[in-house]
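Architecture and fold: a report
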Amino acid sequence: MCLAVPAQITERREYMATVTVSGVTRQVSLMLLPEAAVGDYVLIHAGFAIQAIDEAEARRTLELFKELEQYAVDS
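Residues numbered from 1 in each chain as written. Predicted model: local features only at pLDDT ≥ 70, side-chain atom pairs only at ≥ 80, totals over all residues. Heavy atoms only, no water.

1. Comments concerning the overall build of the protein chain
Formally: Numbering of helices and strands starts at the N terminus; helices are DSSP runs of H or I of at least 4 residues and strands are runs of E of at least 2. It is over C-alpha atoms that the radius of gyration is taken, and the globule rule equals 2.2 Å times the number of residues to the power 0.38. For the exposure calls, accessible area comes from a 1.4 Å probe over protein chains only, and a residue counts as buried if that area is under 20% of its type's maximum, exposed if over 50%, partly exposed in between. In this description, accessible areas are obtained by the Shrake-Rupley approach with a 1.4 Å probe, and a residue is regarded as covered only by the protein chains that are shown. Think of it this way: Lys and Arg go in the positive column, Asp and Glu in the negative one, and His and the chain ends go nowhere. The atoms used to mark charge sites are NZ of Lys, CZ of Arg, CG of Asp and CD of Glu.
A count of helical and extended segments in the protein chain gives one helix and five strands. Taken from the N to the C terminus, the helices and strands of the protein chain come in the order β-β-β-β-β-α. Here the C-alpha atoms of the protein chain give a radius of gyration of 13 Å, agreeing with the 11 Å that 2.2 N^0.38 yields for 75 residues. Dimensions of the protein chain, computed from the C-alpha atoms along their principal axes, are close to 45 × 25 × 20 Å. Counting only residues that meet the buried cut, the protein chain has 27% of its 75 residues in that class. Looking at the protein chain as shown, the accessible area adds up to about 5,300 Å², and 56% of this sits on carbon and sulfur atoms. Looking at the protein chain, you have 6 positive and 11 negative side-chain charges, and the mean spots of the two groups are 4 Å apart.

2. Some remarks on the pairing of strand S2 (residues 16–21)
Where we set the bar: Only strands joined by at least two bridges in the DSSP assignment are considered to pair.
Looking at chain direction, strand S1 (residues 5–13) and S2 are connected through five bridges and run antiparallel. If you follow Gln 8 over to S2, its bridge partner there is Thr 20. The antiparallel hairpin formed by S1 and S2 contains two residues in its connecting segment, where Glu 14 sits at a positive phi of about 55°. Pairing of S2 with strand S3 (residues 24–29) involves six bridges; the strand directions are antiparallel. Its bridge partner being in S3, Met 16 is matched across the sheet by Ser 29. Linking S2 back to S3 in an antiparallel pair, the connection comprises two residues, with Ser 22 at a positive phi of about 50°.

3. Description of the nonpolar core
Most often, soluble globular proteins have nonpolar side chains that are buried together. The cut-off we apply is this: To qualify as a nonpolar core, a set must consist of buried Ala, Val, Leu, Ile, Met, Phe, Trp, Tyr and Cys residues joined through side-chain atoms within 4.5 Å. Contacts are assigned to residue pairs that have any heavy atoms within 4.5 Å of one another.
Grouped together as the largest cluster of nonpolar side chains are twelve residues: Ala 7, Ile 9, Ala 17, Val 19, Val 21, Val 28, Leu 30, Leu 33, Ala 36, Val 42, Ile 44 and Ala 49. Mapped onto this core, the elements with two or more residues apiece are S1, S2 and strand S4 (41–45). Looking at this core, the element that brings in the most residues is S2, giving three residues. Not counting residues up to four positions away in its chain, the partners in contact with Ala 7 are Val 19, Thr 20, Val 21, Asp 40, Tyr 41, Val 42 and Ile 44.

Here is the structure:
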């Protein structure tokens, strides 16, 4: 099973981007999504942006992740 995480692009330099996920920044490749721009939300997996998504979907997914964290801690 693979898991892609939504993140917002905060900086872009050629085919690399800085993204923010829940306040944490990471470097990801834009080789698979060269049209992505600063401010866009993308799904990231294994260091690559793999799909653009809208802000509402990104926020909804991140909220679901927060709910899952609660259950993982309670187990």
